[in-house]
Amino acid sequence: MGVIHDLRFALRVLLRKPTFTLIVVGTLALGIGAGSAMFSILHRLLVRPLDFPELDRIAAIQVSENGGDFNNSISPRTFLDYQKDARSFERLAAYQYWEVPISGSGVDPEQVLAFQASPGYFDIFGVRPELGRTFAADEVDGQKENVVILSHALWDRRYGRDPAILGKPIIVAGASYVVVGVMPASFRFPSAAELWAPLTLLPSQRADRGGRYLALVAKLKPGVALAAADAEMRQMGGIHAATYREDAKRVVRVVSLVYGVTEDYTRNFILVLVGAALLVLLIACANVANLFLAHALARRKELAVRAALGAGRRRIVRQLLTEAALLGVASGGASLLIASWAVDVIKGAMPRTIVRFISGWDAMGVDPAVLAFALICGVVVGFIFGVVPAIQVSRADVNATLKDSDRGTTGGKETHRLRNALVVAQIALALLLLLGAGALVKGFTRMADRPRGLDPEGVLSFKVTLPQAREAKPQPEIVAFARDALERLRALPGIEGAAAVNNVPFGNNVSMRIPFPEGRVIAREEEIAVDYGRATPGYLELLRVPRIEGRGIEERDGVDAPLVAVVSQTAARRLWPDDSPIGKRFRWGRDDKLPWATVVGVVGDVQDRPFERGPRPAIWIPFVQQAPVSMYFVLRTPGEPLAAARAAARAIYSVDPNQPVTDVRTLTMVQAERLSGMRIGTWMMGAFAVLALLLAAVGIYGVVATLVTQRTHEIGVRMALGARRGDVLRLVLGRGALLTAIGIALGLAAGVMLVRFLAGVLVGAIDNDAIVFVAFSSAVAAIATFGSLVPAWRATKVDPLTALRQE
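Predicted model only: the values in this text are computed from it and were never measured. (Residues numbered from 1 in each chain as written. Predicted model: local features only at pLDDT ≥ 70, side-chain atom pairs only at ≥ 80, totals over all residues. Heavy atoms only, no water.)

**Q** Any chance you could explain the overall build of the protein here in plain terms?
**A** Within the protein, the regular secondary structure consists of 25 helices and 23 strands. The contacts of the protein with a sequence gap of at least 6 include a subset with a gap of at least 24, amounting to 82%. Only carbon and sulfur atoms are counted for the fraction: they give 60% of the accessible area of the protein, which is about 34,900 Å². (Helix = DSSP H or I, 4+ residues; strand = E, 2+ residues; numbered from the N terminus. Contact = heavy atoms within 4.5 Å. Areas by Shrake-Rupley, 256 points an atom, 1.4 Å probe, with all protein chains shown as cover.)

Have a look at this one:
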C-alpha cells in the first residue's frame, strides 16, 4: 500500500507542475533517444551486421599493398596456397563479384549482382537453403557449370516465390543454368548478392599470382582463436612476400567477418557519432540534475511541514525518489519513440543504390537490447538525480526552514556550487560538440564544393554489362556492340554527344594498374597505381575535362593502331617529373615482352574521390584497344538528362533486345550518392550540436531564473536603497556571464583536442580553420547571454515594496 500511495502522490505532484514535468521528460527523452538511436545503429552495423550461427568463428582474410589500406583482393594462386597450407581453418573459400544479365522463364531480362563461390562457401555460414540445396561436389571448380542458387529477394521479386522454379533453367550471362536452391531472407552475404554460381578457376587462373580479384572467407577450427589464425596467416604472408615477386611488400591479416564487412572510415564515423550522442546525453543529464535541484529546493518548506507532522527522512526520500522514478520511466518510454523515428529517418535518407552494399542496414531498428537500455537509463538517471536533492532536503533543519519563509530557499553554498558546475559542464560540452560539428560540416562542404575538373551538369550515365559466361568475351564483339550503340545514341534528338568508358567519375567500378615508364628503374615501394580508364573518342571532351597538352583519344587510335594514352596532370608529374610526357612511353608491367604505349596528350586532373586530399593519377587508353565487357555510356544533353533515359534505353535494345540497361542516373546523382553517407553523418553531428546548444541555453536560463527567484528579497532591498535597474541587470547577467566564460574556456581547450582527434580518424573530412572556433564560441556566448537576459530583465521589474513584504 505504501508504494501505491507514493506512486499516486508522486503522480499528483508532477501533474500539478506540468512545466517542470514536461521539461524533464522532454530533455531526458531527447538525450536518451539520441543515444538509443546511435546504439541501435552501432549494434546493427558494427556489432551484428550479419545473422549467422557461430558468427564469432567466421573470419575474413585481407591484404595490404605497400603499407596501404587492407582490402579483400587476393590472387587465385595465393588462395589455393592458403587453402592447402593454412591449419587454423575448418574451411576456407573464395568468392568473386560477377555482375550478369539474366533472362528466361518468361520474364524480362535484367542485370543482377551475382557472385561465384568456391567449394564449401555455404558450409562456412551454417545456413541451409529455404528451398532446394547448395552446390554438390561435382558442380564446382570446373566439373560442372550449369547450376545457380537464388537469393530470397530475387526469388520474390522476379519469380513471385514460385517453388516450381527449382530445376528450371534460366539464362545467366548468355548460358543456360539450372536453379538448384533458394537461400533464406536472412542470408545476405555479400550484402548485395542476388545469385550465386560455382567459381571456376581455369588452369591459367590457378597459376595466376598477379591478378587479385578473389575475396576470402573462412571458418576457424573449434578452439582456435582469431589471434592465432592471424599470427599464422601473417607468417605465411611473410614467407610469400619473401618468395614471390608478386607478393613482395604485401601484408596479410585475419579479421572477424563482422569487422571485415565494415570499412574503417565508416566504423570511425559511427563511433564519432555515438560519442556525440553520449555528449548530448551528458548535457541532458546535467540539465535534469539542475531541474531536480531547483524543484527540490522550491519544495523545502512543503517537505519541512511534512517532517514537522511526523514524516521521517526515509519516507521523504522515498517519496522524492518515486517521483524521480516516474519521470525516468516516462522519459525512457518517450525516448523510444524518438529513437525509432530517428532510425527510420536515417534509414530512409540513404539511397537504395548505396544501401544494398551495407550489411545490416535494412535490418536496422530499435532492438530489445536498446529498448531495455532506454528504459533502464531513464530510471537510473531519474534515481541518480533524485537522490542528491532528496538527501540534501532531508538533512535540512526543519525549524530553520519553516522560519526562513520563501525568500531564503537558496539551498546553501554547496548546492550553488553544484548547480554552477553543472551549467559550466553543459556549456563546455555544448561548445565541444559545436566545434566538432563545425569542423566536420566545414570539411564536408569543402569536399562537396571543391573543383572536380569536369562539368557533370547535363550528363546522363547508364551501365551495360555484356553476357560473357565464364570465358572472356571476344574483343571484336564488344567493340562492335559499343560502336553500334554509340551510333544510335548520337542520332537521338537533343543529344549533344555520347561516349563509352569503363567507369564514370564518382563511380565504384574502379580499375587500377601500375605503369612502368621507359628508361626508369622503379623499385617496388616506388610503384605508382593509377586509375585505368578505357574511353571512346570524345569522352574527356564530353565531360569538359580541360586539355593541357597534346591531343585526345581519336578515331584513328583503332584496334590495329599503335597503343596510345592520355594522362592526367598528376600522373604526368609523378611518372615524368622533369619533362613533358608527350611522346614518352610506358607499359603495364615489368615484362619486356609487353607492348609500349605512347603518351599523346595531357588533361587536367579529375577529383572524384571526395575522401582523398588530392586527385588520383589517371591514364586513359582507347576503348577499342582493350574493350571492357562492363561499360558505361555517357550522354550530354542541353536539358534534363533523365528525360533522355527512355530513348537511350530503346537505342540499346535496338542493338540487342535482351541486353539490360542498369544504373541509369545523372552524373550529379552519382556524385551525390558518393557523398550521401558523409552528408547524413554531418547532418546528425550538426543536429546533436544544435540540440546540445539548446539544452545548454535552457540550463543557464534555469540557473539564472532560479537565482532571481531566490534573491527577489535581496534585489528589492538593493533597489529600495537606490540601486538602478542597470545595476540589477549587471548583477544578474554577471553571474551568467561568469559561468559562460568558464564553460567556453573549458570547451575551447577540449575542442582543440577533439578536432585534432577527428582529423586523425576522419582523414580529409575535417577542417580545423580558426574561424570555426571563433564563430561557435561567439554563438555559445550569445545563446548563453540570451538565456540569462530574460530572467535578468524580469529582475529589473521587481517592485521593492512587494519584495520587502516577503520578510
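**Q** Teacher, can you tell me more about the packing of aromatic side chains here?
**A** To describe a pair of aromatic rings, one takes the distance between the centres and the angle between the planes. This structure, assessed with the given rule, holds 19 aromatic pairs. Relative to Phe189, the ring of Tyr95 lies with its centre 5.5 Å away and its plane at 75°, an arrangement referred to as edge-to-face. Within this pair, whereas Tyr95 is found in strand β3 (residues 89-104), its partner Phe189 is found in the loop between β8 (175-182) and β9 (195-198), the two being separated by 94 residues in sequence. Phe189 carries the same exposure label as Tyr95, and that label is buried. Relative to Trp588, the ring of Tyr532 has its centre 4.9 Å away and its plane inclined at 70°; by these criteria the two rings are edge-to-face. Highlighted residues: Tyr532 in strand β16 (residues 530-535) and Trp588 in the loop between β19 (585-587) and β20 (597-603), separated in sequence by 56 residues. Judged on exposure class, the residue Tyr532 and its partner Trp588 are both buried. Directly above the aromatic system of Tyr244 lies the positively charged group of Arg209, at a separation of 3.6 Å from the ring centroid. One Lys or Arg, Arg513, reaches over the ring of Tyr532 and ends 5.0 Å from the middle of that ring. (Phe/Tyr/Trp six-rings, centres within 6.5 Å; stacked < 30°, edge-to-face > 60°. Buried < 20%, exposed > 50% of the residue type's maximum accessible area, 1.4 Å probe, protein only. Lys NZ or Arg CZ within 6 Å of the ring centre and 35° of its normal.)

**Q** Explanation requested: the confidence of the model for the protein in the structure shown.
**A** Close inspection of predicted coordinates is inappropriate for parts of the model with low pLDDT. For the protein, per-residue confidence averages 80 on the pLDDT scale, and residues scoring 70 or more make up 80% of the total. Confidence drops under pLDDT 50 across residues 405-410; counting only partners more than four residues distant or on other chains, this segment forms 12 contacts. (pLDDT = per-residue confidence, 0-100.)

**Q** What should I look at first to understand the packing of helix α16 (residues 475-490) against helix α19 (residues 645-655) in this one?
**A** Relative placement of two packed helices is described by the angle separating their axes and the distance separating the axes. Contact pair α16 / α19: the axes reach a minimum separation of 9 Å and the direction vectors enclose 140°. Considered as vectors, α16 and α19 are oriented oblique to each other. When the axes of α16 and α19 are compared, the crossing they make is right-handed. Side by side, α16 and α19 meet where Phe481, Asp484, Ala485, Arg488 and Leu489 of the first sit next to Ala648, Ala651, Ile652, Ser654 and Val655 of the second. Taken together, the residues of the contact of α16 with α19 sort by class into seven nonpolar, one polar and two charged. (Axes fitted to C-alpha atoms, helices over the stretch in contact; angles between N-to-C directions. Parallel < 35°, antiparallel > 145°, perpendicular 65-115°, else oblique. Left-handed = near helix turned anticlockwise from the far one by under 90°. Nonpolar A, V, L, I, M, F, W, Y, C, P; charged D, E, K, R; others polar.)

**Q** I'm lost on helix α7 (residues 226-243) in this one. Help?
**A** An α-helix turns once every 3.6 residues. As a result, residues three or four positions apart point the same way. The end-to-end C-alpha distance of α7 is 26 Å, a good match for the 26 Å that 18 residues give at a rise of 1.5 Å each. All of the buried residues along α7 are Ala229, Asp230, Glu232, Met233, Met236, Gly237 and His240. Down the axis of α7, the buried side of the element spans an arc of 165°, and every buried residue falls inside it. Exposed and facing more than 90 degrees away from the buried side of α7 are Ala227, Gln235, Ile239 and Ala242. (Expected span 1.5 Å × (residues − 1). Arc of directions from axis to C-beta.)

**Q** Just checking my understanding: could you explain the pairing of strand β6 (residues 147-150) for this structure?
**A** Side-chain direction in a regular strand flips from residue to residue, so the side chains alternate between the two faces of the sheet. With burial as the criterion, each face of β6 is covered, one bearing Val147 and Ile149 and the other bearing Val148 and Leu150. In this structure, β6 lies alongside β8, joined through four bridges in parallel fashion. When the bridges of β8 are listed, Ile149 appears paired with Gly181. For β6 and β9, the ladder comprises two bridges, and the chain directions are antiparallel. Residue Ile149 lies in a different strand from β9, and its bridge partner there is Trp196. (Pairing = 2+ DSSP bridges.)

**Q** Explain the side chain of Asp557 to me, please; I cannot follow it from the model alone.
**A** The topology assignment puts Asp557 in the loop between β17 (547-550) and β18 (564-568). Under the relative-accessibility criterion, Asp557 is labelled buried at 6%. Side chain to side chain, Asp557 and Arg551 meet in a polar contact 3.0 Å long. (Polar contact = N/O pair within 3.5 Å; in protein donor to acceptor, adjacent residues only side chain to side chain.)

**Q** Please clarify how the packing of helix α3 (residues 76-85) against α7 should be interpreted in this entry.
**A** Relative to each other, α3 and α7 sit at 130°, their axes nearing to 12 Å. One way to sum up the angle between α3 and α7 is to call them oblique. The chirality of how α3 crosses α7 is right-handed. Between α3 and α7, the residues in contact are Thr78, Asp81, Tyr82 and Asp85 and Glu232, Met233, Met236, Gly237 and His240, respectively. For the contact of α3 with α7, a count of residues per class yields three nonpolar, three polar and three charged.

**Q** How should I be thinking about the environment of Ala197 in this particular structure?
**A** As for its placement among the helices and strands, Ala197 is situated in strand β9. Classification of Ala197 by relative accessible area gives buried; the value is 0%. Residues Ala197 and Tyr95, spaced 102 residues apart in sequence, show a C-alpha to C-alpha distance of 9.6 Å.

**Q** Whenever I open this one, the pairing of strand β10 (residues 215-220) confuses me. Can you help?
**A** In terms of burial, β10 is largely enclosed, as six of its six residues are buried. Residues Ala215, Val217 and Lys219 point to one face of β10 and Leu216, Ala218 and Leu220 to the other, with burial holding for every one of them. Bridge count for strand β1 (residues 58-65) against β10 is four bridges, and the pairing is antiparallel. Residue pairing in the sheet places Ile58 in a bridge with Lys219 of β10.

**Q** Whenever I open this one, the nonpolar core confuses me. Can you help?
**A** A general trend in soluble globular proteins is that nonpolar side chains are found buried together. By size, the foremost hydrophobic cluster in this structure holds 61 residues, and its most contacted members are Met38, Leu433, Met685 and Phe688. Elements with a contribution of two residues or more to this core: α2 (18-47), α9 (264-298), α11 (313-349), α15 (412-449), α21 (676-710), α23 (725-761) and α24 (770-796). With 14 residues, α15 is the largest single contributor of residues to this core. Once residues within four sequence positions are removed from consideration, Phe688 is found in contact with Ala34, Met38, Leu273, Ala276, Ala277, Val280 and Leu433. (Core = buried A, V, L, I, M, F, W, Y, C linked by side-chain atoms within 4.5 Å.)

**Q** What should I look at first to understand a nonpolar patch on the surface in this one?
**A** Side chains of Leu642, Val664 and Met669 sit close together on the surface and give an oily, nonpolar patch of about 200 Å² of accessible area. With respect to the secondary-structure elements, Leu642 resides in the loop between β22 (630-636) and α19. (Patch = residues over 30% accessible without salt bridge, like charges linked within 9 Å, V, L, I, M, F, W, Y side chains within 5 Å. Salt bridge = Lys/Arg side-chain N within 4 Å of Asp/Glu carboxyl O.)

**Q** How should the pattern of salt bridges be read in this particular structure?
**A** Side chains that carry opposite charge are capable of pairing whenever their charged atoms lie near each other. Tallied over the full model, the rule gives 30 salt bridges. The partner of Arg57 in a salt bridge is Glu54, with the nearest N and O atoms 2.9 Å apart. When the shortest N-O distance is used, the salt bridge between Glu110 and Arg157 registers 2.9 Å. Here Glu110, found in strand β4 (residues 107-117), pairs with Arg157, found in helix α5 (residues 152-159); they are 47 residues apart in sequence, far enough to count as distant. The class for Arg157 is partly exposed, based on a relative accessible area of 45%. Three or more residues joined by partner-sharing salt bridges are found here, namely Glu54, Arg57, Glu90, Arg91, Asp123 and Lys219.

**Q** It is not clear to me how a positive patch on the surface should be interpreted in this structure. Could you clarify?
**A** On the surface, Arg8, Arg12, Arg16 and Lys17 cluster together into a positively charged patch. For Arg16, a relative accessible area of 55% translates into the label exposed. (Lys, Arg positive; Asp, Glu negative; His and termini not counted. Charge placed at Lys NZ, Arg CZ, Asp CG, Glu CD.)

**Q** Just checking my understanding: could you explain unusual backbone geometry for this structure?
**A** Negative phi is the rule for most residues except glycine; trans is the rule for most peptide bonds. In the segment running from Phe189 into Pro190, the intervening peptide bond is cis, with an omega of -15°. The residue Pro190 is located in the loop between β8 and β9 in this model. Positive phi values are uncommon outside glycine, yet Arg161 reaches one of about 60°. Relative to the helices and strands, Arg161 resides in the loop between α5 and β7 (169-172). Under the relative-accessibility criterion, Arg161 is labelled partly exposed at 44%.

**Q** Sorry, what's going on with the side chain of Arg158 here?
**A** Its place among the elements puts Arg158 in helix α5. A distance of 3.1 Å separates a polar atom in the side chain of Arg158 from a polar atom in the side chain of Glu110. Separated by 3.1 Å, the side chains of Arg158 and Tyr159 make a polar contact.

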